[in-house]
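Topology and contacts: notes
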Amino acid sequence: MRRSLLVVQAIALLCGLVLSPLRAWAEQLDCVIEPSEVADVSSAANGILSELLVKRGDWVEKGAEVARLESSVEQASVELARAEAEAQNLIQARRSRLNLAKKRLQRVVELTKTKAISSQELDEARTDVELAAAELEEAQHNRRLAQLRLARAESLLNLRTIKSPVSGVVSKIHVTAGESVEDRPILSIVQIDPLFVEAIVPVSLFGEIHEGDMSHVYPEAPVNGDFLARVTLVERVIDAPSGTFGVRLNLDNSDRSLPAGLRCKLSFNDAVAAD
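Just so we're clear, the structure is a prediction, and the values are computed from it rather than from any experiment. (Residues numbered from 1 in each chain as written. Predicted model: local features only at pLDDT ≥ 70, side-chain atom pairs only at ≥ 80, totals over all residues. Heavy atoms only, no water.)

Overall, the coordinates contain one aromatic pair when judged by the stated rule. Across the ring face of Trp59, the terminal group of Arg256 is positioned such that the distance to the ring centre comes to 3.8 Å. (Phe/Tyr/Trp six-rings, centres within 6.5 Å; stacked < 30°, edge-to-face > 60°. Lys NZ or Arg CZ within 6 Å of the ring centre and 35° of its normal.)

Below, the structure is given as structure tokens:
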């Protein structure tokens, strides 16, 4: 009888050791669904905000224009630089003069063979060719400089247009038209695809959760539902006072159906490991 009791106790203890981690995995952990990025969009140039192209709550794509600064001076500089860069008259004139000087030199060389012209005139003809070639090269060089000035003017003008660095939702407007943008953001854009799921996990699960594992995410009401998220970060530093560590998961939100800022529950029960 005593031996049977010991066997039962041993089996119970063994089952407890095997099932304890399964219970932990089945527990629903508290979590928060957060945006993957919050961008405070500023201007690289100082100035007065001329136009705000979006409003709070608008969805914007990465690279889309969201605001413009006053840019009349920069636009005028671009037009002036473009006119200089596209000018062809001087180069054409210098090229024509060079061609004429080369033809004259050929005639002088032929006449020199018959002793019909002095060597001094031959030297002058050669000098004219060299001068015409130098003038053409200078005109071409000046045009290249004008093209560089145009590129610089266009770059300065582009700085007056503010573009979104991410795809997301405009969450806040900091500056309105007519105000200075110096040393402060113009607006904030929240990226909600993907979403980050942040969870604080008991230390008993350390070593059981790995990057690439899948988990079920259950947002709070009124959203509800069951969503799959992939583990992208497992903290390697344990918080000793609480006996916990942090885990981050990426939650696909390409249809933008989930808002950020929700509380949620996280379950690794029936979790699917990454390939």
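Let's shift gears to the nonpolar core. Formed by 24 residues in total, the largest nonpolar core has its most connected members in Ile33, Val197, Val201, Ile209 and Leu266. In terms of residue count, strand β7 (residues 187-202) provides more of this core than any other element does, six residues in total. Grouped together as the second largest cluster of nonpolar side chains are 16 residues, Val41, Leu49, Val60 and Leu69 included. (Core = buried A, V, L, I, M, F, W, Y, C linked by side-chain atoms within 4.5 Å. Buried < 20%, exposed > 50% of the residue type's maximum accessible area, 1.4 Å probe, protein only. Helix = DSSP H or I, 4+ residues; strand = E, 2+ residues; numbered from the N terminus.)

What follows concerns the state of the cysteines. Two cysteines, two sulfur atoms, one covalent bond between them: this is a disulfide. For the coordinates displayed, the defined rule picks out one disulfide. Between the sulfur atoms of Cys31 and its disulfide mate Cys264 the distance is 2.0 Å. Taken as a pair, Cys31 in strand β1 (residues 28-41) and Cys264 in strand β11 (residues 263-267) lie far apart in primary sequence, 233 residues in all. A relative accessible area of 4% means that Cys31 is categorised as buried. (Disulfide = S-S within 2.5 Å.)

Further remarks concern the environment of Ser204. Within the fold, Ser204 resides in the loop between β7 and β8 (214-219). A relative accessible area of 53% means that Ser204 is categorised as exposed.

These results come straight from atomic positions and should not be treated as a statement about function.
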